[in-house]
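So the chains spell out like this:
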Amino acid sequence: MPELPEIETLRRGLERETVGRRIKSVDVPVAKAVHRNGSRKAFQARLEGVKMKSVDRRGSLLVFTLDSGELLVVDIGVTGRLLRTAPKDEVAKDTQVVVSFTQGGQLRMADAEGVAEAFVVTPDLLLDEVPELADLGLD
């Protein structure tokens, strides 16, 4: 399982690479990865066309603030990874979510064990979706 310093390093890299970029399209090869949003189409509809404003870390979760007022929450789990790639790069067989940006580049979530997940939620419902966040202490 990635330790918190590794997640923080990932967050800082994602902040440089994704903040200010608009999402062009979202591809979800593995529906289980976005099951909290109900369906692939529901997940895609909430992300396409929005801009990423910031990236925060809450415990081991990465939380992207979107200009739509919602949050994209990513839990890479034990074996998951987030990769910044070019659209022409080969897609790994364990890729679960592909977010394409309008100004080139992609963010891909991959996990060989299939436990990583992503979902979009409003800030007021975040603690309902992830109740363990209420029990986090100081980092």
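The structure under discussion appears in the preceding block.
Predicted, not measured: the structure shown is a model, and the values here were computed from it. (Residues numbered from 1 in each chain as written. Predicted model: local features only at pLDDT ≥ 70, side-chain atom pairs only at ≥ 80, totals over all residues. Heavy atoms only, no water.)

### As for the overall build of the protein
Phase 1: Of regular secondary structure, the protein possesses three helices and eight strands.
Phase 2: When the helices and strands of the protein are placed in sequence order, the string is α-β-α-β-β-β-β-β-β-β-α.
Phase 3: What you see for the protein is a C-alpha radius of gyration of 14 Å, in line with the 14 Å of a compact globule of 139 residues.
Phase 4: Seen through its principal axes, the protein has C-alpha atoms that stretch 40 × 30 × 30 Å.
Phase 5: Buried residues in the protein amount to 43% of all 139 residues. (Helix = DSSP H or I, 4+ residues; strand = E, 2+ residues; numbered from the N terminus. Rg over C-alpha atoms; globule rule 2.2 N^0.38 Å. Buried < 20%, exposed > 50% of the residue type's maximum accessible area, 1.4 Å probe, protein only.)

### Side note on empty space enclosed by the protein
Phase 1: In this structure the tally under the stated criterion is one cavity of 30 Å³ or more.
Phase 2: Residue lining of the largest cavity: Phe43, Phe64, Leu72, Val74, Leu82, Val97, Val99, Leu107, Arg108, Met109 and Ala118, and that is the complete set.
Phase 3: Secondary structure elements with two or more residues in the lining of the largest cavity: strand E4 (71-75), strand E6 (95-101) and strand E7 (106-110).
Phase 4: It is E7 that contributes the most residues to the lining of the largest cavity, three residues altogether.
Phase 5: Considered class by class, the residues forming the lining of the largest cavity number 10 nonpolar, no polar and one charged. (1 Å grid on protein atoms, 1.4 Å probe; cavity = no way out; pocket = protein on both sides within 12 Å on 5 of 7 lines; lining within 4 Å. Points joined across faces, edges and corners; volume = space filled by probe spheres on them. Nonpolar A, V, L, I, M, F, W, Y, C, P; charged D, E, K, R; others polar.)

### With respect to the environment of Arg57
Phase 1: With respect to the helices and strands, the residue Arg57 is situated in strand E2 (residues 52-58).
Phase 2: Look at Arg57 and you get buried, because its relative accessible area is 18%.
Phase 3: It is 21 Å that separates the C-alpha atoms of Arg57 and Asn37, two residues lying 20 residues apart in sequence.
Phase 4: A distance of 3.0 Å separates a polar side-chain atom of Arg57 from the backbone oxygen of Gly59. (Polar contact = N/O pair within 3.5 Å; in protein donor to acceptor, adjacent residues only side chain to side chain.)

### Some thoughts on the environment of Leu14
Phase 1: Position of Leu14 among the secondary structure elements: in helix H1 (residues 4-18).
Phase 2: Judged by relative accessible area, Leu14 falls into the buried class, the value being 4%.
Phase 3: Between the alpha carbons of Leu14 and Phe64 there is a distance of 9.5 Å; along the sequence they are 50 residues apart.
Phase 4: Sequence-distant contacts of Leu14, that is, excluding residues within four places in its chain, are made with Val19, Val55, Leu62, Phe64, Leu82 and Leu107. (Contact = heavy atoms within 4.5 Å.)

### Some thoughts on helix H2 (residues 40-47)
Phase 1: Buried residues of H2: Phe43, Gln44 and Leu47, and no others. An end-on view of H2 places all buried positions within 95 degrees of arc, on one side of the element. Exposed positions of H2 whose direction lies more than 90 degrees from the buried face are Lys41 and Ala45. (Arc of directions from axis to C-beta.)

### What about the pairing of E6?
Phase 1: Most of E6 is tucked away: seven of the seven residues are buried.
Phase 2: Here strand E1 (residues 23-27) pairs with E6 via four bridges, running antiparallel. By the bridge assignment, Ser25 is partnered in E6 with Ser100.
Phase 3: Count of turn residues in the E6/E7 antiparallel hairpin: four residues, of which Gly104 carries a positive phi of about 70 degrees. (Pairing = 2+ DSSP bridges.)

### Side note on the nonpolar core
Phase 1: One finds Phe43, Phe64, Leu72 and Val74 to be the most contacted residues of the largest nonpolar core, which totals 27 residues.
Phase 2: Apart from residues no more than four positions distant in its own chain, Phe64 is found in contact with Leu14, Thr18, Met52, Ser54, Val55, Glu70, Leu71, Leu72, Val74 and Leu107.
Phase 3: Core analysis: the second largest hydrophobic core is formed by nine residues, Val63, Val121, Val130 and Leu133 among them. (Core = buried A, V, L, I, M, F, W, Y, C linked by side-chain atoms within 4.5 Å.)

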